[in-house]
Amino acid sequence: MLSERRLKVLRAIVQDYVGTEEPVGSKALTERHNLGVSPATVRNDMAALEDEGFIAQPHTSAGRIPTDKGYRLFVDKLAGVKPMTAPERRAIQNFLEGAVDLDDVVARTVRLLAQLTRQVAVVQYPSLTRSTVRHVELLSLAPARLMLVLITDTGRVEQRMVDCPAPFGEASLADLRARLNSRVAGRRFADVPGLVEDLPEAFEAEDRGTVSTVLSTLLETLVEENEERLMIGGTANLTRFGHDFPLTIRPVLEALEEQVVLLKLLGEAKDPGVTVRIGHENAHEGLNSTSVVSVGYGSGGEAVAKLGVVGPTRMDYPGTMGAVRAVARYVGQILAES
């Protein structure tokens, strides 16, 4: 365990390096921070921090910079989450409240996160598997053709055409709509198959084929794999940090183009707290020079998806964690009210 004093020195090094982009020397530290000890003592502390792998010397005769291990200790032990100011919170709320539908909510969230943090923003669409059914609408398009509209609690709308094996009358359609919603509205997707399996038996023999067709279309919609959609924005922000990436920015940009990589980066949605992955903690090699700050969002206290930012390891962690958490909270409120 590091002594309290050495933790203070590490915190000061991280703060100065993030703020100035320059390696930090002992003289600058004692001038800028009230550490209460001499420059010689600070030099000794820095030597000990370097021996233990928390800081490193980028080139000879320079100061020191934090390593991934140093940033990790800073995030875990030393950095609080910086709360947003009241005007910032109002601005977030006003910007997100103008959204007209789920696509607009996600697009606005990406723009907002990229602007607030000046990093790359990534927002996962709410996952169908973690959603509940708000309403199922059935519309007659022709005597033997229907449209099924599934509306989820997160405001997501899925439409499917249904070709019926026989003509299906308006009275039967109204009956099916009412029975279906009485069983599935407010229920989790995972529960729906068991709730509707005996529904065809409630109908006349000539209508059962159509009811079964509608139900199989509904169940296909619930399990479709197109659910893991993402939106990304603010990639141009990375160009401001060119010197933070040791060789080139290209591996980072290539990794950001791979949806599977991004979904793994954001992590499991069921973990609602703020997660920070630093440097080599990111399994994808192209992202070893980046940090990822992510958090779950959703309505009613349950996370249905993740959002977060990707930037260089030299990141304002308290500010970024605060922004990501605040935006997630407001997105959750909007989904709950939509």
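Residues numbered from 1 in each chain as written. Predicted model: local features only at pLDDT ≥ 70, side-chain atom pairs only at ≥ 80, totals over all residues. Heavy atoms only, no water.

If you check an unreviewed UniProt entry, the protein chain appears there as Heat-inducible transcription repressor HrcA from Streptomyces rochei. Of the comments in the UniProt record for the protein chain, the one headed Sequence similarities (unreviewed entry) reads "Belongs to the HrcA family." Of the comments in the UniProt record for the protein chain, the one headed Function (unreviewed entry) reads "Negative regulator of class I heat shock genes (grpE-dnaK-dnaJ and groELS operons). Prevents heat-shock induction of these operons." (UniProt positions renumbered as here; feature names shortened; annotations may be inferred.)

*Asks:* When you look at the packing of helix H4 (residues 68–78) against helix H12 (residues 317–337) in this model, what are you seeing that I'm missing?
*Replies:* For any two helices packed against each other, one specifies the inter-axial angle together with the distance between the axes. Contact pair H4 / H12: the axes reach a minimum separation of 11 Å and the direction vectors enclose 55 degrees. Here H4 lies oblique to H12, going by the angle between them. At the point where H4 passes H12, the crossing takes the right-handed sense. Of H12, the residues touching H4 (which contributes Tyr71, Phe74 and Val75) are Tyr317, Pro318 and Met321. Split into classes, the residues belonging to the contact of H4 with H12 amount to six nonpolar, no polar and no charged. (Axes fitted to C-alpha atoms, helices over the stretch in contact; angles between N-to-C directions. Helix = DSSP H or I, 4+ residues; strand = E, 2+ residues; numbered from the N terminus. Parallel < 35°, antiparallel > 145°, perpendicular 65-115°, else oblique. Left-handed = near helix turned anticlockwise from the far one by under 90°. Contact = heavy atoms within 4.5 Å. Nonpolar A, V, L, I, M, F, W, Y, C, P; charged D, E, K, R; others polar.)

*Asks:* Just checking my understanding: could you explain the environment of Val42 for this structure?
*Replies:* By the element assignment, Val42 lies in helix H3 (residues 39–51). Val42 gets classed as buried once you look at its relative accessible area, which sits at 0%. When the C-alpha atoms of Val42 and Leu112 are compared, they prove to be 40 Å apart, with 70 residues separating the residues in sequence. (Buried < 20%, exposed > 50% of the residue type's maximum accessible area, 1.4 Å probe, protein only.)

*Asks:* Can you walk me through the nonpolar core in this structure?
*Replies:* Nonpolar side chains tend toward joint burial in soluble globular proteins. Counting residues in each nonpolar core, the largest one holds 58 residues, and the members touching the most others are Leu29, Leu307 and Tyr317. Looking at this core, the element that brings in the most residues is H12, giving eleven residues. Aside from chain neighbours lying at most four places away, what touches Tyr317 is Tyr71, Phe74, Val75, Val276, Ile278 and Ser291. Membership of the second largest hydrophobic core comes to 23 residues, among which are Leu148, Val162, Val214 and Leu215. (Core = buried A, V, L, I, M, F, W, Y, C linked by side-chain atoms within 4.5 Å.)

*Asks:* Hey, could you run me through the environment of Asp68 in this one?
*Replies:* Inspection of the secondary structure puts Asp68 in helix H4. Residues Asp68 and Ile278 lie 210 residues apart in sequence; the distance between their C-alpha atoms is 6.1 Å. Residues within four places of Asp68 in sequence aside, it is in contact with Ile278, Gly279, His280, Asn288 and Thr313.

*Asks:* I keep staring at the sheet that holds strand S10 (residues 305–312) and nothing clicks. Help me out?
*Replies:* Whether parallel or antiparallel, the strands of a sheet pair through hydrogen bonds between backbone atoms. In spatial order, the strands read S7-S3-S10-S9-S8; together these five strands make up an open sheet with antiparallel pairing. If you trace the sheet from one side to the other, it starts and ends with strand S7 (230–233) and strand S8 (275–278), each paired once. Here the strands of the sheet are splayed against their neighbours by 15 degrees on average, with no regard to which way each runs. Here S8 pairs with strand S9 (residues 290–297) via four bridges, running antiparallel. Looking at the pairing, Val276 lines up with Val293 of S9. In the packing of helix H11 (residues 259–266) onto the sheet, the strands contacted are strand S3 (120–124), S7, S8, S9 and S10, and the crossing angle to S7 comes to about 90 degrees. (Pairing = 2+ DSSP bridges.)

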